[in-house]
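These are the residues of each chain, in order.
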Amino acid sequence: EAGVAQSPRYKIIEKRQSVAFWCNPISGHATLYWYQQILGQGPKLLIQFQNNGVVDDSQLPKDRFSAERLKGVDSTLKIQPAKLEDSAVYLCASSPTLAGGFDEQFFGPGTRLTVL
Amino acid sequence: RKEVEQDPGPFNVPEGATVAFNCTYSNSASQSFFWYRQDCRKEPKLLMSVYSSGNEDGRFTAQLNRASQYISLLIRDSKLSDSATYLCVVGGGNKLTFGTGTQLKVEL
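As the structure is a computational prediction, the values presented were derived from the model and not from experiment.

Chemist: Please explain the interface of chain A and chain B as it appears in this structure.
Modeler: Think of interface size as the accessible area that goes away when the parts come together; that is how it is often given. With 21 residues of chain A in contact, the opposing surface of chain B contributes 19 residues. Together, the buried faces of chain A and chain B total about 1600 Å²; carbon and sulfur atoms form 56% of this surface. Ranking the residues of chain A by area buried against chain B places Pro-43, Phe-102 and Phe-107 of chain A at the top, with a combined share of 36%. Applying the counting criterion to the chain A and chain B interface returns zero salt bridges. Joining chain A to chain B, the criterion identifies two residue pairs in polar contact (both at pLDDT 80 or more). Its residues assigned to classes, the side of chain A that touches chain B comprises nine nonpolar, nine polar and three charged.

Chemist: What is the right way to read the nonpolar core from this model?
Modeler: Soluble, globular proteins show a tendency: their nonpolar side chains are buried together. Residue and element names in this part refer to chain B. Counting residues in each nonpolar core, the largest one holds 23 residues, and the members touching the most others are Phe-21, Trp-35, Ile-71, Leu-73, Ile-75, Tyr-86 and Leu-104. Secondary-structure elements contributing two or more residues to this core are strand E3 (19-25), strand E4 (32-38), strand E7 (60-65), strand E8 (70-75), strand E9 (84-92) and strand E11 (102-107). Setting aside its immediate chain neighbours within four residues, Leu-104 contacts Phe-11, Val-13, Val-19, Phe-21, Ile-75, Asp-82, Ser-83, Ala-84 and Tyr-86.

Chemist: Explain the sheet that holds strand E1 (residues 4-6) of chain B here, please?
Modeler: By definition, the strands of a sheet pair up through backbone hydrogen bonds, in either a parallel or an antiparallel sense. All names here are of chain B. Spatially, the five strands line up as an open sheet ordered E1-E3-E8-E7-E6, and their pairing is antiparallel. Across the chains shown, the open sheet's two edge strands, defined by having one partner strand only, are E1 and strand E6 (55-57). Across the sheet, the mean angle separating the axes of adjacent strands is 20° when strand polarity is ignored. Of the strand pairs in this sheet, E7 and E8 are connected by six bridges, and their pairing is antiparallel. Each bridged residue has a counterpart across the sheet, and for Thr-61 the counterpart in E8 is Leu-74.

Chemist: I would appreciate a short explanation of unusual backbone geometry in the present structure.
Modeler: For residues besides glycine, phi is generally negative; the peptide bonds are generally trans as well. Residue Pro-81 of chain A is bonded to the preceding Gln-80 of chain A through a cis peptide linkage, with omega at 0°. A cis amide bond links Gly-9 of chain B with the next residue in sequence, Pro-10 of chain B, at an omega value of 10°. Secondary-structure assignment places Pro-10 of chain B in the loop between E1 and strand E2 (11-14). Of note, Asn-51 of chain A is a non-glycine position whose phi angle comes to about 55°, a positive value. Positive phi, normally seen in glycine, also occurs at Arg-41 of chain B, with a value near 65°. Among the structural elements, Arg-41 of chain B can be located in the loop between E4 and strand E5 (44-49). Among the residues examined, Arg-41 of chain B registers a relative accessible area of 56% and is labelled exposed.

The rules we used
Residues numbered from 1 in each chain as written. Chains lettered and ligands numbered in written order. Predicted model: local features only at pLDDT ≥ 70, side-chain atom pairs only at ≥ 80, totals over all residues. Heavy atoms only, no water. Contact = heavy atoms within 4.5 Å. Buried area = accessible area lost by both parts, 1.4 Å probe. Salt bridge = Lys/Arg side-chain N within 4 Å of Asp/Glu carboxyl O. Polar contact = N/O pair within 3.5 Å; in protein donor to acceptor, adjacent residues only side chain to side chain. Nonpolar A, V, L, I, M, F, W, Y, C, P; charged D, E, K, R; others polar. Core = buried A, V, L, I, M, F, W, Y, C linked by side-chain atoms within 4.5 Å. Buried < 20%, exposed > 50% of the residue type's maximum accessible area, 1.4 Å probe, protein only. Helix = DSSP H or I, 4+ residues; strand = E, 2+ residues; numbered from the N terminus. Pairing = 2+ DSSP bridges. Axes fitted to C-alpha atoms, helices over the stretch in contact; angles between N-to-C directions.

Remember that the coordinates give geometry; whether it matters functionally is a separate question.
Structure (structure tokens):
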């Protein structure tokens, strides 16, 4: 079974530039998550989708971050404009469960973003 | 107070040792508890779920104390390959909250 795919794996940009990350979850998984993991910290949930609807985006800095999951499959996360403090690994995860349950989350390899 | 708190370590232990990690959580309504493992520069992977009755998987034992709101992970007979960061994860409502992780280094 193919795992969660993410691209790019690495990205270096200057502050105030824009960047986009892509995630393809495990086939058939209803729930998709985007996390931000800053060095030395645990993953912090940015947004959670159930199929193509948003379940939780309370920790998403909406003035600069946006995400979508068209057709309930692939998802993109965008930062516009980037700040130095956005330097982190952006992890995408998926799970088969609909909202309300907690199955195992399967993580992709992440995108390591460096903002200069 | 953080929602999920862990001692970041590092815990440096010799091969064969027994090591225990604790994690505390602030939301008494939390319903689900997990330990994830994260190797250096890799993604987190589920190690084990934590049940109220406690559960064991080989050398790993997880326990939950709801009254005191803490979770523990015990690793017996540590191997070099156990070196990693162990993330405590607590679920409530629709959200999972990750701790900062405890770093374990197993040495010869």
